[in-house]
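Architecture and fold: a report
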Number of protein chains: 2
Amino acid sequence: MSSDVDTIMQAAGVPKRAGAGERPLDADGVLRVLRTGEFAFETGGTLPGVDIAYETWGTLDADAANAVLLLHALTGDTHVARGISDEPGWWDGFVGPGRTIDTDKYFVVAPGMVGGCNGTTGPGSAAPDGRAWGSRFPFTTIRDSVRLEERLADALGVDAWHTVIGGSMGGARALEWAATLPGRVRRCVPIAATAASTAEQIAFAQIQTQAIRLDPDFAGGDYYRAPAAGPGEATGFGEGPVAGLGIARRMAHITYRSDVEFDARFGREPQCDEQPLGSPSLDRGRYQVESYLDYQAAKLVGRFDANSYLVITEALMSHDVGRGRGGVEAALGALEGIEFFVAAVDSDRLYWPAQAEAMAAHVPNRPNVEYIRTPVGHDGFLTDVEQLSAALKRTIFAD
Amino acid sequence: MSSDVDTIMQAAGVPKRAGAGERPLDADGVLRVLRTGEFAFETGGTLPGVDIAYETWGTLDADAANAVLLLHALTGDTHVARGISDEPGWWDGFVGPGRTIDTDKYFVVAPGMVGGCNGTTGPGSAAPDGRAWGSRFPFTTIRDSVRLEERLADALGVDAWHTVIGGSMGGARALEWAATLPGRVRRCVPIAATAASTAEQIAFAQIQTQAIRLDPDFAGGDYYRAPAAGPGEATGFGEGPVAGLGIARRMAHITYRSDVEFDARFGREPQCDEQPLGSPSLDRGRYQVESYLDYQAAKLVGRFDANSYLVITEALMSHDVGRGRGGVEAALGALEGIEFFVAAVDSDRLYWPAQAEAMAAHVPNRPNVEYIRTPVGHDGFLTDVEQLSAALKRTIFAD
């Protein structure tokens, strides 16, 4: 762990969090970057250096026992909650002073996953030849992200995390942290996640990667006008195969929500005065639900790089906590001494509750699965996470 | 109903059913064609003539009271069962001499849906200018198919169908028959279907149509080397946006099956000696489930035209038995005198059982929903339809 070459610095430029003028390096919710050295990926390939963008909230105790590692989902980022700027985070209300993850008590660290596009090194980052890595970016696994985040723990002086927590792919990352570095995890909270991506999750993911690669603007993955300009710089937004990325997002988004919710919100209504029944040689008008998916697609395309989507999606497909560890049950069963808190969304049809139940049945402390009850589907881990607050405060965050 | 211009003829050439030499025009399972005249589509557009390909089994009684209309699903065709050739059909074992739909007793008629590519007029058929209709093909609704099949009923001398039956989109077609021409339907059997396509079904469909249109070989829908050569000729197989059509099929296929089945069949196994974990700049190896979806995609691309997939998918999106009839409940409630038999697949997550329950609750005879119980998902209407045999023989096919 070449921590001797690791340097923490302010991110060079992430416009959406800029504008606060002089900001102390340890202020809440400020994007900064750990520059770390050469990294050899689990399944092959090496990068000469990796930047890990991250944000923190709160203050590390003298004994470094109050650090919480909070891991984002597939297209999530480091901005979990408000900090010195008022920009809301994706778990706002759940993380902050006096919140469930109380930043008056805990030091919360949220790193970006390697392969991403929000400041952490990914396919849009510059290779030594000055071009973006693009198609040359190594195949990435969830375990690679754990090994890189270990360097961040070292740099921050955290020997063991009080808790590692995440939802969806963040839950997979949390579980891999526990299995890869069990001595550095005291509590683990996977929410709406699985111990190993299933055949169906792989199937949904395959389609998404194929839609991106089908787009004529994919250009074999080397579509960048220019690589990221510096550490912490976001890359690839709106570039390359945006139509394919949009289709991938629509696909994913359906699996994140539920039939019941779509039916209640949209039914068969046409969008405003559009006419869905019409000649396909003209522009067919849309149903409301189509317009909604178009909106979701456009939003993601404006904030995410297609290659990062590919890299991280394939990492998630690779997720299997039992790989090389004698299978899932053996891997989970070996994690004595870590307190697990396992949660699921009752209406989730991407990470079925049965998968959380199976996970909980095989970790040593055998917790009851805690449920978020909502018709929304998988995205309940974002929209309704506070349903877990009481149970979390009784257990994981009781001290 | 210009039945004076309608002519029934042997299909010009459908290779997969050819080779039987001289075949009588009324032999079981022989593709033939009704050539019918000008047709004005429900939402605009007119074709100067429409061919309806169809097959029949059994013999029409003197009083024409034993005719069963059997309607195929999205990518189905007219070949429901074996006939004078031994080629198996998609409901083989369910339809035939001594089977549930007993062709010793019933005269079974299976027409291809307008817009298709297996002999019925569709986008790959020749327009008067000698080119394929392609992008010029009119927007098609399920009601258009009913109106055209009405001409077939006229030509065959069937005033009222003993039963109209179908699964999935075939169930939507059956229901539309009942609602559009209630005087011509005595019994109606929608299986694994809905009274109106829901927001989620529309959402899944939108993605599929977008994947096809994203393919650079789509060429705006005008990709045919040549139109169909004659009546009953299949068109467009393997032409145009085959990659996009393959993605659409993969997407659809996941919704046709189930998480449980995929997990049991494939788990996380790699395909043979392929290596799913590897550099994306190389050809990444596949998981078994990916190889399976690739196979499903290739199979469809070899037997279906992408434009037909678009036309019929958009027809299914438009499906709403309540449109222009005061809503679904009013439309169903008005169908006095038709005996409904409603069936669902318990593990179906595309046409949820709740949709069949809602349908059954609003048709006048209020049947109990009959269930196909299988872990397979929606495709249970194909793989396990014989679970309905006993109930169907007690009710619909009791005479």
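Residues numbered from 1 in each chain as written. Chains lettered and ligands numbered in written order. Predicted model: local features only at pLDDT ≥ 70, side-chain atom pairs only at ≥ 80, totals over all residues. Heavy atoms only, no water.

**Points about the nonpolar core**
Cut-off, in case you're wondering: For this analysis, a nonpolar core means a set of buried residues of the types Ala, Val, Leu, Ile, Met, Phe, Trp, Tyr and Cys, connected via side-chain atoms within 4.5 Å. Only protein chains enter the area calculation, which uses a 1.4 Å probe; residues under 20% of their type maximum are buried, those over 50% are exposed, and those in between are partly exposed. Note on contacts: a residue pair qualifies if any of its non-hydrogen atoms lie within 4.5 Å across the two residues.
Counting residues in hydrophobic clusters, the biggest one holds 186 residues, and the most contacted among them are W177 of chain A together with W177 of chain B. Not counting the four nearest positions on each side in its chain, W177 of chain B is found in contact with L69, L71, V146, E149, E150, A153, W161, V164, P182, R184 and V185 of chain B.

**A few points about the domain arrangement of chain A**
Residues and elements named next belong to chain A. Our working definition: For the domains described, the bounds stem from an automatic or database domain assignment. The salt bridge definition used is simple: a Lys or Arg side-chain nitrogen within 4 Å of an Asp or Glu carboxyl oxygen. Pairing of N or O atoms within 3.5 Å defines a polar contact, subject to two protein rules: one partner must be a possible hydrogen donor and the other a possible acceptor, and residues neighboring in sequence count only if both atoms are side-chain atoms. All amino acids are sorted into three groups, where Ala, Val, Leu, Ile, Met, Phe, Trp, Tyr, Cys and Pro are nonpolar, Asp, Glu, Lys and Arg are charged, and the leftover types, Gly among them, are polar.
One can read the domain layout of chain A as domain 1 (3-197 + 320-394) and domain 2 (202-312). Spacing between the C-alpha centres of domain 1 and domain 2 amounts to 25 Å. With a closest N to O distance of 2.8 Å, R257 and D379 form a salt bridge. Scanning the region where domain 1 abuts domain 2 turns up 15 residue pairs in polar contact (both at pLDDT 80 or more). Of the residues in the side of domain 1 that touches domain 2, the class split is 19 nonpolar, 17 polar and five charged.

**Points about the confidence of the model for chain A**
Selection criterion: Every residue is assigned a pLDDT by the predictor, reflecting its confidence on a scale from 0 to 100.
In the predicted model, chain A carries a mean pLDDT of 93, and the fraction of residues at 70 or more is 94%. Considering only residues more than four positions removed or in separate chains, one finds that residues 13-22 of chain A, a stretch of pLDDT under 50, has 18 contacts.

**Describing helix α4 (residues 242-256) of chain A**
Put simply, the rule reads: Strands are runs of DSSP state E lasting at least 2 residues, helices are runs of H or I lasting at least 4, and numbering of each runs from the N terminus. Helix span, as expected, comes to 1.5 Å for every residue beyond the first.
Taking 1.5 Å of rise per residue, 15 residues should cover 21 Å, and α4 of chain A covers 20 Å from first to last C-alpha, within 8% of that figure. By the criterion of burial, α4 of chain A is predominantly enclosed, with 13 of the 15 residues buried.

**A short note on the packing of helix α3 (residues 199-214) of chain A against helix α6 (residues 288-301) of chain B**
What counts here: Lines are fitted to the C-alpha atoms to define the axes, a helix being fitted only along its stretch in contact, and any angle between axes, read from their N-to-C directions, falls within 0 to 180 degrees. The labels follow the angle: roughly parallel below 35 degrees, roughly antiparallel above 145, roughly perpendicular from 65 to 115, and oblique for the rest. Handedness of each helix crossing follows the sense of rotation of the near helix against the far helix: counterclockwise by less than a right angle gives left-handed, clockwise gives right-handed.
Two elements in contact, α3 of chain A and α6 of chain B, have axes whose closest approach is 9 Å; the angle formed by their N-to-C orientations is 55 degrees. In terms of their interaxial angle, α3 of chain A and α6 of chain B are classed as oblique. Considering only the axes of α3 of chain A and α6 of chain B, their crossing is right-handed. Here A199, I202, A203, Q206 and Q210 of chain A of α3 of chain A lie close against α6 of chain B, whose contacting residues are V289, E290, L293 and D294 of chain B. A per-class count over the contact of α3 of chain A with α6 of chain B returns five nonpolar, two polar and two charged.

**As for the relation of the copies chain B and chain A**
Each of the two chain copies can be generated from the other by rotation about an axis followed by a shift along it. Put simply, the rule is: When the copies are superposed, the least-squares fit takes in the C-alpha atoms of residues with a pLDDT of at least 70 in both.
Rotating chain B by 180 degrees about the axis while translating it 0.0 Å along that axis superimposes it on chain A, leaving an RMSD of 0.0 Å. In the structure described here, the two chain copies are related by an operation that fits a two-fold rotation axis. Mapped onto chain A, 100% of the interface residues of chain B are again interface residues, and the two copies thus contact each other with one and the same surface.

**Here we look at the interface of chain B and chain A**
Our working definition: By buried area we mean how much accessible surface two parts lose on assembly, using a 1.4 Å probe and totalling the loss over both.
Of the residues lining the interface, 55 residues belong to chain B; the matching set on chain A comes to 55 residues. For the pair chain B and chain A, the two sides together bury roughly 4,600 Å², of which 66% comes from carbon and sulfur. When the area that chain B buries against chain A is broken down by residue, the three leading residues are L214, R268 and L277 of chain B, summing to 15%. One salt bridge connects R268 of chain B with D320 of chain A, and the closest N-O pair in it is separated by 3.5 Å. Counting residues per element, the ones that place at least two in the side of chain B that touches chain A are α3 (199-214), α4 (242-256), α5 (259-265), α6 and α7 (306-317) of chain B. Per-element tally for the side of chain B that touches chain A: the top contributor is α3 of chain B, with 11 residues. Looking at the side of chain B that touches chain A, its residues break down into 26 nonpolar, 15 polar and 14 charged.

**Here we look at the pairing of strand β5 (residues 50-57) of chain A**
Residues and elements named next belong to chain A. The criterion, for reference: Two strands are said to pair when DSSP picks up at least two bridges between them.
Extensive coverage of β5 is indicated by the burial of eight of its eight residues. What you see with β5 is no split at all: V50, I52, Y54 and T56 on one side and D51, A53, E55 and W57 on the other are buried throughout. Judged from the five bridges that link them, strand β2 (residues 32-36) and β5 form a sheet pairing that is antiparallel. Within β5, the residue paired with R32 across the bridge is Y54.

**Concerning empty space enclosed by the protein**
Applied cut-off: Buriedness of a pocket was judged along seven lines, with at least five required to meet protein on both sides within 12 Å; pockets are open sets of points on a 1 Å grid over the protein atoms alone, cavities are sets where a 1.4 Å probe fits but cannot get out, and lining residues have an atom within 4 Å of a point. Grid points are joined across faces, edges and corners, and a volume is the space filled by probe spheres set on the points.
Taken as a whole and assessed by the stated rule, the structure comprises two cavities of 30 Å³ or more. There is about 80 Å³ of room inside the largest cavity. In this structure, the largest cavity is lined by 15 residues; those nearest its centre are H72, G76, G116, C117 and N118 of chain A. Approximately 70 Å³ is the volume attributed to the second largest cavity. Contributing to the lining of the second largest cavity are 13 residues, with H72, G76, G112, M113 and N118 of chain B lying nearest its centre. Split into classes, the residues belonging to the lining of the second largest cavity amount to five nonpolar, seven polar and one charged.

**Focus on the UniProt feature "active site" (unreviewed entry) in chain A**
Residues and elements named next belong to chain A. Where we set the bar: UniProt positions are given in the numbering used here, feature names are shortened, and annotations may be inferred rather than shown by experiment.
The UniProt entry lists S168, D348 and H378 under the feature "active site" (unreviewed entry), expressed in the numbering used here. A maximum C-alpha distance of 10.6 Å among these annotated residues, which run over 211 residues, shows that they cluster at one spot. Structurally, the position occupied by S168 is in the loop between β10 (163-167) and α2 (169-180). Given the relative accessible area of 8%, S168 is considered buried. In this structure S168 touches A73, I191, A192, A193, Y351, H378 and F381, once residues within four positions along its chain are discounted. Here H378 lies in the loop between β14 (370-372) and α10 (380-383). Residue contacts for H378: discarding those within four places in its chain leaves S168, A192, T255, Y256, V345, D348, L350 and Y351. A distance of 2.7 Å separates a polar atom in the side chain of H378 from a polar atom in the side chain of S168.

**A word on the packing of aromatic side chains**
Residues and elements named next belong to chain B. Put simply, the test is: Aromatic pairing here means that ring centres of Phe, Tyr or Trp (its six-membered ring) are within 6.5 Å. Orientation follows from the plane angle: under 30 degrees is stacked, over 60 is edge-to-face, and everything else is tilted.
Scanning the entire structure with this criterion turns up 24 aromatic pairs over all chains. Between W90 and W91, the aromatic rings sit 5.2 Å apart at their centres with planes inclined by 45 degrees, giving tilted as the arrangement. Assessed through its relative accessible area of 1%, W91 is described here as buried. For the ring pair Y223 and Y224, a centre distance of 4.5 Å and an interplane angle of 35 degrees mean the geometry is tilted. Each member of the pair Y223 and Y224 is classed as buried.

**A short note on the environment of A67 of chain A**
Residue and element names in this part refer to chain A. Mapping A67 onto the fold places it in strand β6 (residues 67-71). For A67, a relative accessible area of 0% gives the class buried. Taking the C-alpha atoms as reference points, A67 and D399, 332 residues apart in sequence, are found 13 Å from one another. Ignoring any residue separated from it by four or fewer positions in sequence, one finds A67 in contact with L60, F107, V158, W161, H162 and T163.

**Some remarks on the environment of P111 of chain A**
Residue and element names in this part refer to chain A. By secondary structure assignment, the location of P111 is in strand β9 (residues 107-111). Relative accessible area serves as the criterion here: at 1%, P111 is assigned to the buried category. Each C-alpha atom of the pair P111 and T374 lies 28 Å from the other, and the pair is 263 residues apart in sequence. Not counting the four nearest positions on each side in its chain, P111 is found in contact with I52, A53, Y54, L69, L70, L71, H72, T78, E149, L152 and R173.

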